[in-house]
Amino acid sequence: MRLNSPEFKNGELIPPLYTCDGEDVNPELHLHDVPKLAVSLALIVDDPESPSGNWLHWCIWNIDVATKIIERDSVPLGAVEGETDFSEVGYGGPCPSFGEHEYRFTIYALDIKLDLVSGAPRHAVDEAMVGHIISETALFGRYQRISKEERADLKAKIKKMKRV
């Protein structure tokens, strides 16, 4: 199984658009070679280098195995999102308090659908997946906060794009 993004290559910088400095929306993700025995997929985006411990940025499960692309700023039809460490449901992009951090986008092929409600915490998702992971793979991206001037320029560009 493979996971990649047209927005950044494995190990490269995540564009600011997909972070707290930009629109704070999920990047487009492409899924390849999902195992035939998989019943559902789960995606966990986290920051293992966070000073607060492994910080959860996005948790989504019951993704249909036929899904090839998770579109920018979207949740696949029928998938369920959990609560992040921002105490919100949905994607919360990279936003390191200092320095450069590495972010991990991990996709899991599962032999079941998870019986969890929207907003479930990560520990519940992790526990529900135990013994049901057929395959997993990860895409890594790095990010370091941009300057206030760069943020202002980016916000202006985003505003201009939305007007067009």
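Just so we're clear, the structure is a prediction, and the values are computed from it rather than from any experiment.

### Points about the sheet that holds strand 5 (residues 55-63)
Move 1: With mixed pairing, 6 strands are arranged side by side in an open sheet as 2-9-8-4-5-7. With partners counted over all chains shown, the strands left at the sheet margins are strand 2 (12-13) and strand 7 (80-81), one partner each.
Move 2: As paired elements, strand 8 (residues 101-110) and strand 9 (residues 133-143) share 10 bridges and run antiparallel to each other. The partner of R104 across the bridge, within strand 9, is F140.
Move 3: Along the sheet face, helix 1 (residues 122-129) touches strand 4 (40-47), strand 5, strand 8 and strand 9 and points at about 135 degrees away from the line of strand 4.

### Describing the nonpolar core
Buried together is how nonpolar side chains tend to be arranged in soluble globular proteins.
Move 1: If you look at the biggest cluster of nonpolar residues, it comprises 28 residues, and the most contacted ones within it are L3, L43, I63 and F105.
Move 2: Secondary-structure elements contributing two or more residues to this core are strand 3 (29-32), strand 4, strand 5, strand 8, strand 9 and helix 2 (148-163).
Move 3: Counting residues in hydrophobic clusters, the runner-up holds 13 residues, among them I44, L56, L110 and M129.

### A word on the pairing of strand 5
Move 1: Counting buried positions along strand 5 yields 8 of 9 residues, so the element is predominantly enclosed.
Move 2: Judged from the 6 bridges that link them, strand 4 and strand 5 form a sheet pairing that is antiparallel. Across the sheet, the residue bridging to D47 is W55, located in strand 5.
Move 3: The sheet contact formed by strand 5 and strand 7 spans 2 bridges and is antiparallel. Within strand 7, the position partnered with W61 by the bridge is V80.

### What about the packing of aromatic side chains?
For any pair of aromatic rings, the description rests on two quantities: the centre-to-centre distance and the angle between the ring planes.
Move 1: In total, this model carries 3 aromatic pairs according to the counting rule given.
Move 2: Pairing W58 with Y91 gives two aromatic rings, centres 5.5 Å apart and planes at 90 degrees, and the pair type is edge-to-face. Of this pair, W58 sits in strand 5 while Y91 is found in the loop between strand 7 and strand 8, placing the two residues 33 residues apart along the sequence. Each member of the pair, W58 as well as Y91, is classed as buried.

### Considerations on helix 1
Move 1: What helix 1 keeps buried is the set R122, A124, V125 and M129. For helix 1, the arc enclosing every buried residue in end-on projection is 160 degrees, short of the 170-degree limit, so these residues lie on one face.
Move 2: Those residues of helix 1 that are buried are in contact with strand 4, strand 5, strand 8 and strand 9.
Move 3: Looking one or two places after helix 1, you find G131, whose phi comes out positive at around 80 degrees.

Here is what the cut-offs are and how they apply
- Residues numbered from 1 in each chain as written.
- Predicted model: local features only at pLDDT ≥ 70, side-chain atom pairs only at ≥ 80, totals over all residues.
- Heavy atoms only, no water.
- Pairing = 2+ DSSP bridges.
- Helix = DSSP H or I, 4+ residues; strand = E, 2+ residues; numbered from the N terminus.
- Contact = heavy atoms within 4.5 Å.
- Axes fitted to C-alpha atoms, helices over the stretch in contact; angles between N-to-C directions.
- Core = buried A, V, L, I, M, F, W, Y, C linked by side-chain atoms within 4.5 Å.
- Buried < 20%, exposed > 50% of the residue type's maximum accessible area, 1.4 Å probe, protein only.
- Phe/Tyr/Trp six-rings, centres within 6.5 Å; stacked < 30°, edge-to-face > 60°.
- Arc of directions from axis to C-beta.

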